[in-house]
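# Secondary and tertiary structure notes
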Amino acid sequence: MIKQLTPSIPDYELIDTGDGEKLERFGGYVVRRPEPQAIWRKSLSDGEWLKADASFLRDAKSEERGEWRMKPSMPSRWSVGFNYKEMHLRMRLALTSFKHVGIFPEQSANWQFIYDTIEELRQQGIERPKVLNLFAYTGGASLAARAAGADVTHVDSVKQVVTWSRENMEQSGLDGIRWIVEDATKFVEREVRRGNKYHGIILDPPAYGRGANGEKWVLEDDICNMLECCAKLLERSNAFLVFNLYSMGLSSMLARTAVHQAFGAPKSEQMGELYFEDRSAKQIPFGTYYRFRR
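Numbering of residues starts from 1 in every chain and runs along the sequence as written. Per-residue local features are limited, in this predicted model, to residues with pLDDT of at least 70; the limit for side-chain atom pairs, both in listing and counting, is 80 or more; totals at the level of whole chains, interfaces and linings are taken over all residues. Computation of side-chain values: all heavy atoms of the structure, hydrogens and water removed.

### Considerations on unusual backbone geometry
Unlike most non-glycine residues, Lys85 shows phi in positive territory, near 55°. Not every positive phi belongs to a glycine, and Phe135 is a case in point at roughly 55°. Labels follow the DSSP assignment, with helices taken as runs of H or I lasting at least four residues and strands as runs of E lasting at least two, numbered in each case from the N terminus. Tracing the backbone shows Phe135 in the loop between strand E8 (130-134) and helix H3 (140-147). The buried label applies to any residue whose accessible area, calculated with a 1.4 Å probe on protein chains only, is under 20% of its type's maximum; exposed applies above 50%, and partly exposed to all values in between. Residue Phe135 is classed as buried on the basis of its relative accessible area of 16%.

### Concerning the environment of His199
Relative to the assigned elements, His199 resides in the loop between helix H5 (184-194) and strand E11 (200-203). Residue His199 is classed as buried on the basis of its relative accessible area, which comes to 14%. In the structure, His199 is positioned 68 residues away from Val131 in sequence and 5.9 Å away in space, judged by C-alpha atoms. A contact between two residues is defined here by any heavy atoms of the two lying within 4.5 Å. In contact with His199, other than residues within four places in its own chain, are Leu121, Ile126, Pro129, Lys130, Leu234, Glu235, Asn238, Ala239 and Phe240.

### Regarding the packing of aromatic side chains
In this analysis, rings of Phe, Tyr and Trp, with Trp reduced to its six-membered ring, are considered paired at centre separations within 6.5 Å, and the interplanar angle assigns stacked below 30 degrees, edge-to-face beyond 60, and tilted for intermediate values. Applying the stated criterion across every chain, the model contains 13 aromatic pairs. Plain terms: the ring middles of Phe104 and Tyr246 are 5.4 Å apart, the flat faces sit at 40° to each other, and that makes the pair tilted. Here Phe104, found in the loop between strand E7 (87-94) and helix H2 (108-123), pairs with Tyr246, found in the loop between strand E14 (240-245) and helix H7 (252-263); they are 142 residues apart in sequence, far enough to count as distant. Residue class for Phe104 comes out partly exposed when judged on its relative accessible area of 26%. According to the relative accessible area criterion, Tyr246 is partly exposed, its value standing at 28%. Ring-pair connections join several aromatic residues into one group, and the members of that group are Tyr12, Phe26, Phe276 and Phe286. We call a charge positioned over a ring when the NZ of a Lys or the CZ of an Arg lies within 6 Å of the ring centre and within 35 degrees of the ring normal. Its end group placed over the ring of Phe286, Lys22 keeps NZ or CZ at 4.4 Å from the ring centre.

### A short note on the pairing of strand E4 (residues 54-58)
Note on pairing: DSSP must find at least two bridges between two strands before they are called paired. Examined bridge by bridge, strand E3 (residues 29-34) and E4 share two bridges and lie parallel to one another. Note that in E4 the partner of Val31 across the bridge is Ala54. Relative to strand E5 (residues 66-70), E4 is paired through five bridges, and the arrangement is antiparallel. Residue pairing in the sheet places Phe56 in a bridge with Trp68 of E5.

### Observations concerning the sheet that holds strand E16 (residues 283-293)
Pairing within the open sheet is mixed, and its seven strands lie in the order E10-E9-E8-E11-E14-E16-E15. For this open sheet the edge positions go to strand E10 (178-181) and strand E15 (268-277), each flanked by a neighbour on one side alone. Along the sheet, successive strands turn relative to each other by an average axial angle of 15°, direction set aside. With five bridges joining them, E8 and strand E9 (residues 151-156) adopt parallel strand pairing. Paired with Val131 across the two strands is Val152, which belongs to E9. Orientation is described by axes fitted as lines to C-alpha atoms, over the contacting stretch for helices, and by angles from 0 to 180 degrees between their N-to-C directions. Contacting E8, E9 and E10, H5 runs over the sheet at an angle of about 150° to E8. Across the sheet, H7 is in contact with E14, E15 and E16; its angle to E16 comes to roughly 20°.

What follows is the structure, given as structure tokens:
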């Protein structure tokens, strides 16, 4: 089923988009960042955009890196919250040289799915569902799974990001997540050899990346092997997969086809885009998702 999802998260608002930029509110602070998909014109005046507490300026020599220009009132760190049922998450934010702030708010739609699915698995008699979060970044999905009562293994190749995730866990009043600083491909290949199984796998790969020891990740080259390994790790029943893609040009249909080849056809599935709408009703997708239950 194709379903476009727009999450509701009070601590986040997409204020305006256009001319290759986006203006966003995270908690009490407004940031201005590049957004290549915003091919239309801005709706708000230049004066409104200049009110941003922090603006990201891309380095002329780099497509990804840059620096932030901040107003004196802008803190180096702050936090936002996300509540759903009995889940109460606190995420620490900061301005990074890669324009990220430590949270992808569109993923909150997947956090709800993860929480609800684990609740259902526990009601079906699986007391502590095992969940694997790969390319886990600052851990929103890991926290959602843990808050629902799962045993969570969180894998990311960047030690500083795993430390950030641990801070988010502690701020959220949770504990017990298993932290792994390692290349995701090496980890899943070893788990396959060990014969380990999981009730849920969350797969959030970048277009390009480096492992803990410099291992190279290229999505188009490496995703098939990753999906094949994950298919061997996922339980045959009472299980779920969440698969996200951020690369421009890759659709949910492509994600579905690749997953079906590796896993087979599931009992139920959803796919589509995760998007937000700005104050002028301009809609912009921030990621493609595919998820299934079996």
